[in-house]
Amino acid sequence: FSSQELTSSLLQRIEQLDGQYNSFLTVSKDQALAMAKAADAQLASGNAGPLTGIPIAHKDVFCTQGVRTSCASRMLDNFIPPYDATVVRQLNEAGTVMLGKTNMDEFAMGSSNESSYYGAVSNPWGSTLVPGGSSGGSAAAIAAGLTPAATGTDTGGSIRQPAAFCGITGLKPTYGRVSRLGMVAYASSLDQAGPMARSAEDCALLLNAMAGHDPLDSTSAARAVPDYCADLNRPLEGLRIGLPKEYFGDGLDSTTAACIESALKELEQQGATLVEVSLAHANLTIPTYYIVAPAEASTNLSRFDGVRYGHRCDAPSDLDDLYTRSREEGFGDEVKLRILVGTYALSAGYYEAYYRKAQQARRLIKDDFMNSFQQVDIIAGPTTPGPAFALGSKNNDPVSMYLEDIYTLAVNLAGLPAMSLPAGLVEGKPVGLQLIGQHFDESRLLNVAHRFQ
Ligand code: GLN
């Protein structure tokens, strides 16, 4: 069948079913049909690539030329970018067909998709469950069969955690592997875009198109991009997998632990060796991340001042009133909380006690990984402490929400690549197996995930 047929049938599914999930914020129907038509012409001409004509959805954090990019915030409710994010441009050039933009936590701050200005997303595995966050719309749309692929971003788990909760596969690349240009910034030293799909093979195809040096992002890596599909079938004999003892202790739900252990057994049966390792500073991860990320967010979000773009309050009496009321009205509660925490941590007198300390702890957390990688090729463990939790059960308690991120945050602090893949079901709910790799070793992760699947 043609891309136009596939695209129309998915657009129809979105129209019929997404009322119950709320996974799309914008459906760009006319544009999608035009892109599918162009893709069909390319397929007919014989010079098509593996992604030509494949429908995709982009998290609403990526700028899309002419298509609203809200970041799920009232602040950007009216924002239509004049350019495409590099990731979007690369995927367009690879021939993908953009169906629309997906729901997310406001400015990517959250672990349940409940902080969206446009309402929560519900998990296709159970309407009372969260899909995870912040890329919850992308994960739910794939799980519901509304799109075969989507982009996400991961600052502290936002690709992996929703992938785990929705039973799909998601990859957070090495920091610098994928351009951040045109991705609305949350915490610039942690943010990274990556693919979300049904399988490791699909993620590999998407990463082939997304990865690469971007001269317009000064932190993007000038390294050649391997073919991420080339090693998918490599046997696992001789692979050493590290299991951090801190990731299997208190706090991990026992049925989830059993599910992860049986997934690891399967890898062992394929010839991998399981080795215990220690990430001794794992207990510092949450406090470190929740200083570094809000600190960077507080400076990044200062650009939303109601002057150049975004929400502006009515009839400001003077410039201060314009700034204050535009920000007060434009940002939701979680975003305001992060700005307050971040500004406090960076203030004169507190900087040494909080931000400087967090930077020191960040180094210790990274060194733990580097030491473990002296003994093992990859590290494996749970993506989350348990399966998807109930909508509304944690959103009034930031600390219990932040605890959900216990196994995902350290990877971003260390800049490492990691993925989540479906490990099995616990009480009918999906559980994710997390694989963590050495810098720029995405091929290895994809290989292990592909063999497992
Ligand atoms: N849950 C984490 C946070 O709220 C991570 C979010 C993300 O990766 N964007 O900051």
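Note that the structure is a prediction, hence the values are computed from the model and not measured.

**Student:** Lay out the confidence of the model for the protein with the relevant residues and their values.
**Tutor:** Put simply, the protein has an average pLDDT of 97, and 100% of its residues get 70 or more. Within the protein, strand β2 (residues 55-59) carries the highest mean pLDDT (99), whereas helix α12 (residues 398-403) carries the lowest (88).

**Student:** Just give me the short version of the pairing of strand β9 (residues 378-382), but keep the residues and values in it.
**Tutor:** It is a general feature of regular strands that their side chains alternate between the two faces of the sheet. Of all five residues that make up β9, five are buried, and the element is covered over most of its length. Pairing between strand β7 (residues 240-244) and β9: two bridges, direction parallel. Considered in β9, the bridge of glycine 242 is made with isoleucine 379. Pairing between β9 and strand β11 (residues 429-436): four bridges, direction antiparallel. Bridge assignment links alanine 380 to a residue of β11, and that residue is leucine 435.

**Student:** Lay out the site of the ligand with the relevant residues and their values.
**Tutor:** In the vicinity of the ligand there are 13 residues, among which Ala108, Ser111, Thr155, Gly156 and Ser158 approach most closely. For the shell around the ligand, the per-class residue count stands at four nonpolar, seven polar and two charged.

**Student:** Provide a residue-level description of the environment of alanine 197, including the pertinent values.
**Tutor:** The topology assignment puts alanine 197 in strand β6 (residues 193-197). Put simply, alanine 197 and glycine 167 are 30 residues apart on the chain and 10.0 Å apart in space, counted from C-alpha to C-alpha.

**Student:** Outline the pairing of β2, listing residues and values.
**Tutor:** Among the five residues that make up β2, five are buried, leaving the element largely enclosed by the rest of the structure. Where β2 lies against strand β3 (residues 97-102), five bridges are found, and the strand directions are parallel. Each bridged residue has a counterpart across the sheet, and for proline 55 the counterpart in β3 is valine 97. For the crossover that starts at β2, traverses helix α3 (residues 86-93) and ends in the parallel β3, the hand is right-handed.

Calculation rules
- Residues numbered from 1 in each chain as written.
- Predicted model: local features only at pLDDT ≥ 70, side-chain atom pairs only at ≥ 80, totals over all residues.
- pLDDT = per-residue confidence, 0-100.
- Helix = DSSP H or I, 4+ residues; strand = E, 2+ residues; numbered from the N terminus.
- Buried ≥ 20, exposed ≤ 12 C-beta atoms within 10 Å, placed from the backbone.
- Pairing = 2+ DSSP bridges.
- Near = placed C-beta within 6 Å.
- Nonpolar A, V, L, I, M, F, W, Y, C, P; charged D, E, K, R; others polar.
- Right-handed = clockwise from strand over helix to strand, strands pointing away.

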